[in-house]
Amino acid sequence: MNDAAIIAPQRAWGKGRLVAKSERGRTRIAELYQEGCAKIRLPKTFDASMEAVLINSSGGVTGGDRLEWDFEAGEGTELTLTTQACEKIYKASAGTASIATCISVAAGARVDWLPQETILFDRASLSRSLEVELAPDASFLAVEAVLLGRKAMGEAVHAGLFRDRWRVRSGGRFVHAEDLALADDIAGLAARPATLGGAAAFATLLYAAPDCEAMLSKLRAMLAPVVEAGVSHYKVGGCDKLVARVAAVDGFALRKILIPLISHLREDASVPKVWTL
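Residues numbered from 1 in each chain as written. Predicted model: local features only at pLDDT ≥ 70, side-chain atom pairs only at ≥ 80, totals over all residues. Heavy atoms only, no water.

1. Considering the overall build of the protein
Summing up its helical and strand segments, the protein has 3 helices and 17 strands in all. When the backbone C-alpha atoms are referred to their principal axes, the protein occupies close to 65 × 45 × 35 Å. In the protein, which comprises 277 residues, the share counted as buried stands at 48%. Relative to all contacts within the protein whose residues are 6 or more apart in sequence, the contacts with residues 24 or more apart total 70%. Charged side chains in the protein number 33 positive and 33 negative. The centres of these two groups are separated by 2 Å. (Helix = DSSP H or I, 4+ residues; strand = E, 2+ residues; numbered from the N terminus. Buried < 20%, exposed > 50% of the residue type's maximum accessible area, 1.4 Å probe, protein only. Contact = heavy atoms within 4.5 Å. Lys, Arg positive; Asp, Glu negative; His and termini not counted. Charge placed at Lys NZ, Arg CZ, Asp CG, Glu CD.)

Here you go:
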């Protein structure tokens, strides 16, 4: 047998870690580590917060690739995490890609997890997880948006696998858990009225913070004109949280909905600069 025929394709692997601390009233680096295709860049900010831009230098994700991100926000820090670009999940010839993110938010700290959209290509295979540990008075905003292909490019997702697992704890107690699975006939699932009703773009927004109730009425008013959207408010184990779901015809329409919502929950601060319309 030809040796070349039994050599497995090279797979991308990366691990990034960032720990933030409070020093002289500003959020500073306490620890920064990056390995493989996982890169972290820290653009200059003009307030007390820190913004970290995550980069997958492999240029996309396919079957068998693995990415791990680990973040800690120390007491009193303010950290925004975003990505340089949309993460493209390409067709998998073999294996399932894995992206695991762990975030810890200490007392009085805030983390905004705002990656740009994940774009699924036809026959992509991805398993993704988000694990979050919050102090009881910490604040956490997470927005994850997914596009089933790029409509402007004439792309569509017919089949594949996409798993997304969220686990959020506050003070050691579960306050949010969800599992999403789109498998095999993704086009058929997306067409059903009880799932996406034919929409090609969707997002989940989670906000856990002491001021959730004060944010709720305006958030609902902003979503009122959007047919495929809704927001709920819960109090779980002493933790306040808002959960919003949004679906749209394409990524551009979805982003136009999400940007005002994110800005509102960031106390009218803009979205990260790498986000553009």
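2. With respect to a negative patch on the surface
Taken together, Asp47, Glu78, Glu267 and Asp268 make up a surface patch of like negative charges. Tracing the backbone through its elements, the reader meets glutamate 78 in strand β6 (residues 78-83). (Patch = residues over 30% accessible without salt bridge, like charges linked within 9 Å, V, L, I, M, F, W, Y side chains within 5 Å. Areas by Shrake-Rupley, 256 points an atom, 1.4 Å probe, with all protein chains shown as cover. Salt bridge = Lys/Arg side-chain N within 4 Å of Asp/Glu carboxyl O.)

3. A few points about the packing of aromatic side chains
Per the stated rule, a full pass over the model turns up 3 aromatic pairs. Seen in terms of ring centroids, tryptophan 69 and phenylalanine 71 are 6.3 Å apart; in terms of plane orientation they differ by 10°. Their pairing is stacked. Here the aromatic cluster, defined as three or more aromatic residues joined through ring pairs, consists of Trp69, Phe71 and Trp113. Sitting over the ring of tyrosine 234, lysine 241 keeps its end group 5.1 Å from the ring centre. (Phe/Tyr/Trp six-rings, centres within 6.5 Å; stacked < 30°, edge-to-face > 60°. Lys NZ or Arg CZ within 6 Å of the ring centre and 35° of its normal.)

4. Points about the pairing of strand β15 (residues 201-208)
Burial within β15 is extensive, with 8 of its 8 residues counted as buried. Taking every second residue as pointing to the same face, both faces of β15 are buried, with Ala201, Ala203, Leu205 and Tyr207 on one and Phe202, Thr204, Leu206 and Ala208 on the other. Where strand β12 (residues 139-148) and β15 come together, 8 bridges link them in antiparallel fashion. Bridging across to β15, leucine 147 finds its partner in alanine 201. (Pairing = 2+ DSSP bridges.)

5. Some details on the packing of helix α2 (residues 212-223) against helix α3 (residues 251-265)
Packing of α2 against α3 leaves a shortest axis separation of 11 Å and a crossing angle of 170°. It follows that α2 is roughly antiparallel to α3 by the angle criterion. Where α2 approaches α3, its residues Met215, Lys218, Leu219, Met222 and Leu223 are matched on the opposing element by Ile257, Pro260, Leu261, His264 and Leu265. (Axes fitted to C-alpha atoms, helices over the stretch in contact; angles between N-to-C directions. Parallel < 35°, antiparallel > 145°, perpendicular 65-115°, else oblique.)

6. Structural notes on the state of the cysteines
What the rule picks out here adds up to 0 disulfides. Sulfur of cysteine 212: no disulfide; nearest cysteine sulfur belongs to cysteine 239 and is 6.9 Å away. We classify cysteine 212 as buried; its relative accessible area is 0%. (Disulfide = S-S within 2.5 Å.)

7. As for the pattern of salt bridges
Under the criterion given, the structure shown has 17 salt bridges. Glutamate 72 serves as the salt-bridge partner of arginine 17, at 3.0 Å between the closest nitrogen and oxygen. With arginine 17 in strand β1 (residues 13-23) and glutamate 72 in strand β5 (residues 66-73), this residue pair connects regions lying 55 residues apart in the sequence. For arginine 17, a relative accessible area of 17% translates into the label buried. The closest approach of N and O atoms between lysine 235 and glutamate 213, which form a salt bridge, is 3.6 Å. Taken together, the positions of lysine 235 in strand β16 (residues 229-236) and glutamate 213 in helix α2 put the pair 22 residues apart, joining distant regions of the chain. Residues joined by salt bridges that share partners form a network here, namely Arg17, Glu31, Asp70 and Glu72.

8. Things to note about the sheet that holds strand β8 (residues 97-105)
With mixed pairing, the 7 strands of this open sheet are ordered in space as β2-β1-β5-β8-β11-β13-β14. Every other strand in the sheet has two partners, leaving β2 (26-36) and β14 (173-185) as the edge strands with one partner each. Ignoring strand direction, the axes of neighbouring strands in this sheet form an average angle of 5°. Bridging between strand β11 (residues 125-134) and strand β13 (residues 159-170) involves 10 bridges; their strand directions are parallel. Bridge assignment links glutamate 133 to a residue of β13, and that residue is arginine 169.

9. Points about α3
End to end, α3 covers 21 Å across 15 residues, agreeing with the expected 21 Å (1.5 Å per residue, within 8%). Buried residues of α3: Gly251, Leu254, Arg255, Ile257, Leu258, Leu261, Ile262, Ser263, His264 and Leu265, and no others. On the buried face of α3, the contacting elements are β9 (110-114), β12, β15, α2 and β17 (239-248). Near the N-terminus of α3, the side chain that reaches the backbone nitrogen of phenylalanine 252, with its oxygen 3.3 Å away, is that of aspartate 250. (Expected span 1.5 Å × (residues − 1). Polar contact = N/O pair within 3.5 Å; in protein donor to acceptor, adjacent residues only side chain to side chain.)

10. Topic: the nonpolar core
Among the nonpolar cores identified, the biggest contains 51 residues, and Phe71, Ile103, Trp113 and Phe140 are the most heavily contacted of them. Setting aside chain neighbours within four positions, we find phenylalanine 71 in contact with Leu18, Ile40, Leu54, Leu81, Thr101, Cys102, Ile103, Ser104 and Trp113. In this structure, Leu141, Val246, Leu258 and Val271 belong to the second largest nonpolar core, which totals 31 residues. (Core = buried A, V, L, I, M, F, W, Y, C linked by side-chain atoms within 4.5 Å.)

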